[in-house]
Amino acid sequence: MIAMRPIREYDVIDLLNAGRFQGEIEGYIVMNGPEYLGHMLYRVDGAVTRVLDCGVENTALIDGAVRACVAAGERAGASSFEVEASDARLAQWRGVFFGGAPDTPIPNERLFGGCAGETE
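Report follows, based on the coordinates.

A word on the environment of R20. Here R20 shows up in the loop between α1 (10–17) and β2 (25–32). Sequence separation of R20 and D63 is 43 residues, and the distance between their C-alpha atoms is 23 Å. Setting aside residues no more than four positions away along its own chain, R20 makes contact with L41 and D53. Within polar-contact distance, the side chain of R20 engages the backbone oxygen of L16 at 2.7 Å.

Counted according to the given criterion, the structure contains six salt bridges. R50 is the salt-bridge partner of E82, the closest N and O atoms lying 2.2 Å from each other. With E82 in strand β5 (residues 80–83) and R50 in strand β4 (residues 48–54), this pair connects stretches of sequence that are 32 residues apart. Of the residues examined, E82 reaches a relative accessible area of 23% and is grouped as partly exposed. Note on R50: relative accessible area 23%, which makes it partly exposed. Between D63 and R67 there is a salt bridge, with its nearest N and O atoms 2.9 Å apart. Of the two residues, D63 and R67 both sit in helix α2 (residues 59–75), four residues apart, roughly one turn of that helix. Each member of the salt-bridge network shares a partner with another, and the members are R43, D45, R50 and E82.

As a further point, take the packing of α2 against helix α3 (residues 88–98). The contact between α2 and α3 brings their axes to 11 Å, and the two run at 90°. Classified by the interaxial angle, the pair formed by α2 and α3 is roughly perpendicular. Counting all contacts with α2, which are made through I62, D63, V66 and R67, the residues of α3 involved are R89, L90, W93 and F97. Class assignment of the residues belonging to the contact of α2 with α3 gives a composition of five nonpolar, no polar and three charged.

Calculation notes
- Residues numbered from 1 in each chain as written.
- Predicted model: local features only at pLDDT ≥ 70, side-chain atom pairs only at ≥ 80, totals over all residues.
- Heavy atoms only, no water.
- Helix = DSSP H or I, 4+ residues; strand = E, 2+ residues; numbered from the N terminus.
- Contact = heavy atoms within 4.5 Å.
- Polar contact = N/O pair within 3.5 Å; in protein donor to acceptor, adjacent residues only side chain to side chain.
- Salt bridge = Lys/Arg side-chain N within 4 Å of Asp/Glu carboxyl O.
- Buried < 20%, exposed > 50% of the residue type's maximum accessible area, 1.4 Å probe, protein only.
- Axes fitted to C-alpha atoms, helices over the stretch in contact; angles between N-to-C directions.
- Parallel < 35°, antiparallel > 145°, perpendicular 65-115°, else oblique.
- Nonpolar A, V, L, I, M, F, W, Y, C, P; charged D, E, K, R; others polar.

Everything listed here is a matter of coordinates, which is why it stays silent on function.
As structure tokens, this is what we get:
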């Protein structure tokens, strides 16, 4: 069973971050039972969750991992999100789900809002 677990040990975050990102970095470890599948790093800057690093190789799991980071940011008060464009996996994810969206932060409801009853 796939699980996304918050990283509670800041030494682990520091190791995964390797000094690349500043501020209070948070993260998730993605596991399949005892098997490590990767990690995600993110930071909440006021009203924006910034997904910074995708260490998940399986593209089928990246969407759930990004959503876990954005949901954690929303619980911390963020109402929108961005993904790091220099991370190839995150840039590809953004292109698939939000290809036509402007580069400004994307409102969380665009990621979590349902399709039922919506019209344009």
